[in-house]
Amino acid sequence: MADRKPAVNDGDTRKRILQLLLEHNPASATFIADTLGLSAAGVRRHIDILVDEGLAETAPAPSTGPRGRGRPAKSYRLTDRGRARFGHAYDDLASAALTALRKTGGEQAVAQFARQRIDDILLGVTPVGQDAEKEEVVEAVVDAFRRAGYAATINQNTGGVQICQHHCPISHVASEFPELCAAEHEAVSKLLGQHTQPLATIADGNGICTTNIPLTPVTKTLTELPHERSGQ
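Quick look at the structure, then. (Residues numbered from 1 in each chain as written. Predicted model: local features only at pLDDT ≥ 70, side-chain atom pairs only at ≥ 80, totals over all residues. Heavy atoms only, no water.)

1. Considering the pattern of salt bridges
Logical step 1: As enumerated under the stated definition, the model contains 6 salt bridges in all.
Logical step 2: Between Arg102 and Glu107 there is a salt bridge, and its shortest N-O distance comes to 3.4 Å.
Logical step 3: By relative accessible area, Arg102 is classed as partly exposed at 27%.
Logical step 4: Take Glu107: its relative accessible area is 46%, and that puts it in the partly exposed class.
Logical step 5: Across the pair Glu184 and Arg117 runs a salt bridge whose closest N-O atoms are separated by 3.5 Å. In this pair, Glu184 is assigned in helix H8 (residues 179–192) and Arg117 in helix H5 (residues 91–121), connecting sequence segments 67 residues apart.
Logical step 6: For Glu184, a relative accessible area of 7% translates into the label buried.
Logical step 7: Connected through shared salt-bridge partners, Arg102, Glu107 and Glu179 make up one network. (Salt bridge = Lys/Arg side-chain N within 4 Å of Asp/Glu carboxyl O. Buried < 20%, exposed > 50% of the residue type's maximum accessible area, 1.4 Å probe, protein only. Helix = DSSP H or I, 4+ residues; strand = E, 2+ residues; numbered from the N terminus.)

This is the structure in structure tokens:
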């Protein structure tokens, strides 16, 4: 009698789909099927269940960008309930602890805690200029964020890249203690040796945290002062 392969657990498959929807927001059934090695029809069946459970929803079609012939592929994204599945562990405890820290040590103590926390997360990332190129540092930062549960990705844009965090494990606490987000941006800027531009945060109610990092230097032409033109 031939050995039978173990049956695939539908619950595990849907967890993997939820994870992909978290990391790739939005994502089509075809993309998910190709990534997981499943049939598109099977993935759609799982997605229909996730939609019925209120964990996923159809993403609106993009209003800009090139359009091909025919209807665009339907994409899906997580709902707030779906995001909650990934948890905000110990939010109440963390908030209470930081509140107590603020009362006993003031704002400076909270800021110091926030800096120490992100230093621990980014421990081992080599700064730019120490045998590391800027793009390599960005990749190392994103890998560190992923290990810390941020579901981080890199998006390319004109003249730079964006670090996108599709899930923030401390977003609920960070909305009360913005020092946590500020410390993250400060630490990334120091590693890159340049200014970074926070565009959106989950703590402020956005669906994703986005930090823009220019990679192409911007040259500015300064207008000469009157005494410089006259040679004075």
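Moving on from the coordinates now.
2. Topic: the pairing of strand E5 (residues 160–165)
Logical step 1: Buried residues dominate E5, accounting for 6 of its 6 residues.
Logical step 2: The side-chain alternation of E5 yields two buried faces, one formed by Gly160, Gln162 and Cys164 and the other by Val161, Ile163 and Gln165.
Logical step 3: Two elements, strand E4 (residues 152–157) and E5, share 6 bridges in a ladder whose sense is antiparallel. Looking across to E5, one finds that Ile154 is bridged to Ile163.
Logical step 4: Remark: 2 residues form the turn of the hairpin made by E4 and E5, two consecutive strands paired antiparallel; Gly159 in that turn has positive phi of roughly 80 degrees.
Logical step 5: As paired elements, E5 and strand E7 (residues 209–214) share 6 bridges and run antiparallel to each other. Considered in E7, the bridge of Val161 is made with Ile213. (Pairing = 2+ DSSP bridges.)

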